[in-house]
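The lines below spell out each chain.
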Amino acid sequence: MHRQLECDVKSGGRLMRASTSFLGASQNLVLLLFLLFSMTAAFAQGIGADKEIRTPPPPAMPRINGPGIYGAHPGHPFLYRIPATGAKPIKFSAKGLPKGLMLNSETGIISGSVKSAGKYVVQLHASNARGKAGRSFRIVIGDSLALTPPMGWSTWYMAYTNISQKMVLAQADAMISSGLADHGYSYVNIDDGWNRKPDSKDASIDPPTRDAQGNMLTSSNFPDLKAMTGELHGKGLKTGIYTSPGPRTCGGYQGTYQHEEQDARQFAAWGFDFLKYDLCSYAELMKDRHNNDEAKKPYQLMGSILAKLDRDFVFNLCEYGWGDVSQWAREVGGNFWRTTDDVGAGLDGSLWKSMDAYGFGEAGLEKYAGPGGWNDPDNILLGKIIWKDKLVPTPLTPNEQYTWMTLWSVLDAPLVFGGDMTQLDDFTLNVLTNDEVIAVNQDVLGKQGVPVSKSGKLEVWLKPLEDGSKAVGLFNRGDEDSDVTVKWSDLSLQGEHKVRDVWRQKDLGAFKEDFHSKVGAHGAELLRVW
Ligand code: GLA
């Protein structure tokens, strides 16, 4: 049976969906008034042609978001800020926290350190003037980090190497004030440009690049990294640093070559929680960049050093997907690894092409992803990003932006936002913070989605979820709006199944045999099927 409960209503240039089939006359009048109201509201907000805001605002009642599981190493500092939406102030409490952890009931920050390895099932609670919410949360103290794909932000696509401590702290403030942190974004990561450059004449970054003891020196724009990480930790956020195994980073700054252990210990002493290790000039030391043993060597070395430190470091490998990195990245301690070149190499109209090629190109790598280690097709370039030294709005259409977030969620890709967090418009926030979409990405099962059917430029992707339901991405990579059908047989399902529109957080009804929906050019829809 082929049925569609919804019809697409193009109105005021804004694509809206309304269940009309079973509506009576009076309900139609209400619907008409609603459409007129929405049109006016859309224009009042200056929402452009098809800038449909799909994500309903979070309720005023508290809701605990973020992953259902979190891993840390025994005896290391533990830090987790419970992501929660709802009217502030919210009061937090927890039952079953392992010995060594404390929860700040005002901020929702869990901190401390757990000596004994083990799996702890904790009941988290949040309450405010409007109600209360509870959620079970698993803390796994053991040898794995990043049990769900890391979520955060990076300086790179917002500022390239034009970065400073002040800027990073302002971005961290915005991660909290914009609400991103309440949806699970937690890593504030410094990319290239924080230290000194061997051949620079600019006083803020000129040599020496190391002190007399060989310690890496920072740019004068980063006067006190220890104070910076302390401030970020105080907010419950975590923070990342960047370097290269080569003598120079990709931007020409000092790399760690032949100072690996000293630098890693320095990063730990500064209080970092994450290291992006970018091959860059190390490639010049290699005979064959696609030789797995050669590519693996520097990562193996750094992985073994990080494993000895007294802090948890999420280890982010960046060697552009050369060789078979997905096959060996876990072995060297990698928590996520770039499988591609830089997605934003060109903002001159090519961003959609690279995003499309890299994202959909992840098919086949699913066997290497799972709790503790993820394929990474690069950062998410939405909102305001850098182009020729200026911050410009992402060149992507709204449909393309929905595709980005839908695909990265289905792929279990790390959700690292690349835009300016201090300048987030409503549309960008709505794309980045849909908790049901994020829940697909953060699902505890950690199964990377796979394509289950293709018809020309139309694709259906499936990602099984822990509760037995299936996340289904309907993608239209073509240039014309099209109808995309998912057959239950392609999901190994028979009979009648309930379908939820994940972006609009709306149940659509029960369907037999298949479901179809119109999907805009370069667009995506995300379903959850029970
Ligand atoms: C490479 C990486 C990017 C970024 C830059 C920094 O191009 O792939 O992600 O880290 O280096 O110079």
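For the structure, check the block above.
So, here is what we can say about the structure in this document.

Analysis parameters
Residues numbered from 1 in each chain as written. Predicted model: local features only at pLDDT ≥ 70, side-chain atom pairs only at ≥ 80, totals over all residues. Heavy atoms only, no water. Buried < 20%, exposed > 50% of the residue type's maximum accessible area, 1.4 Å probe, protein only. Helix = DSSP H or I, 4+ residues; strand = E, 2+ residues; numbered from the N terminus. Right-handed = clockwise from strand over helix to strand, strands pointing away. Pairing = 2+ DSSP bridges. Expected span 1.5 Å × (residues − 1). Contact = heavy atoms within 4.5 Å. Polar contact = N/O pair within 3.5 Å; in protein donor to acceptor, adjacent residues only side chain to side chain. Axes fitted to C-alpha atoms, helices over the stretch in contact; angles between N-to-C directions. Parallel < 35°, antiparallel > 145°, perpendicular 65-115°, else oblique. Left-handed = near helix turned anticlockwise from the far one by under 90°. Nonpolar A, V, L, I, M, F, W, Y, C, P; charged D, E, K, R; others polar. Phe/Tyr/Trp six-rings, centres within 6.5 Å; stacked < 30°, edge-to-face > 60°. Lys NZ or Arg CZ within 6 Å of the ring centre and 35° of its normal.

We now examine the pairing of strand 15 (residues 274-278). Regular strands place side chains that alternate from one sheet face to the opposite one. With respect to burial, strand 15 is a largely interior element, five of its five residues being buried. Of the two faces of strand 15, both are covered, the one formed by Phe-274, Lys-276 and Asp-278 as well as the one formed by Leu-275 and Tyr-277. In this region the chain leaves strand 14 (residues 238-243), passes through helix 5 (residues 260-270) and returns to the parallel neighbour strand 15; the handedness of that crossover is right-handed. Strand direction decides the pairing type here: strand 15 and strand 16 (residues 314-318), joined by five bridges, are parallel. In the strand pairing of strand 16, Phe-274 is matched with Val-314. In this view, the connection linking strand 15 to its parallel neighbour strand 16 by way of helix 6 (residues 292-306) has right-handed handedness.

Here we take up helix 6. Under the 1.5 Å per step criterion, the end-to-end length of helix 6 is 21 Å for 15 residues, consistent within 8% with the ideal 21 Å. Listed as buried for helix 6 are Ala-295, Lys-296, Pro-298, Tyr-299, Met-302, Gly-303, Ile-305 and Leu-306. Contacts from the buried residues of helix 6 go to helix 5, strand 15, strand 16 and helix 7 (325-328). With a side-chain oxygen positioned 2.9 Å from the backbone nitrogen of Asp-293, the residue opening helix 6 is Asn-291.

Where helix 8 (residues 351-360) meets helix 9 (residues 398-410), the axes come as close as 11 Å, and the angle between the chain directions of the two elements is 20°. As the angle between them shows, helix 8 and helix 9 are arranged roughly parallel. The two elements helix 8 and helix 9 meet at a crossing, and its hand is left-handed. Note on element contacts: helix 9 touches helix 8 through Glu-400, Thr-403, Trp-404, Leu-407 and Trp-408, opposite Leu-351, Trp-352, Met-355, Gly-359 and Phe-360. Class assignment for the residues of the contact of helix 8 with helix 9 results in seven nonpolar, two polar and one charged.

Mapped onto the fold, Ser-326 is located in helix 7. Looking at Ser-326, its side chain comes within polar contact range of the side chain of Asn-375, at 2.8 Å. Not counting chain neighbours up to four residues away, the residues in contact with Ser-326 comprise Trp-337, Thr-339, Leu-365, Tyr-368 and Asn-375.

Here the structure, examined in full by the defined rule, presents 21 aromatic pairs. Plain terms: the ring middles of Tyr-299 and Trp-328 are 6.0 Å apart, the flat faces sit at 40° to each other, and that makes the pair tilted. In this pair, Tyr-299 is assigned in helix 6 and Trp-328 in helix 7, connecting sequence segments 29 residues apart. Trp-328 matches Tyr-299 in its accessibility class, with the two residues each being buried. Here the aromatic residues Tyr-70, Phe-78, Tyr-80 and Phe-137 are joined through ring pairs into a cluster of three or more. Directly above the ring of Tyr-402 sits Arg-54, whose terminal nitrogen or CZ lies 3.8 Å from the centroid.

That's the geometry; what it means functionally is another story.
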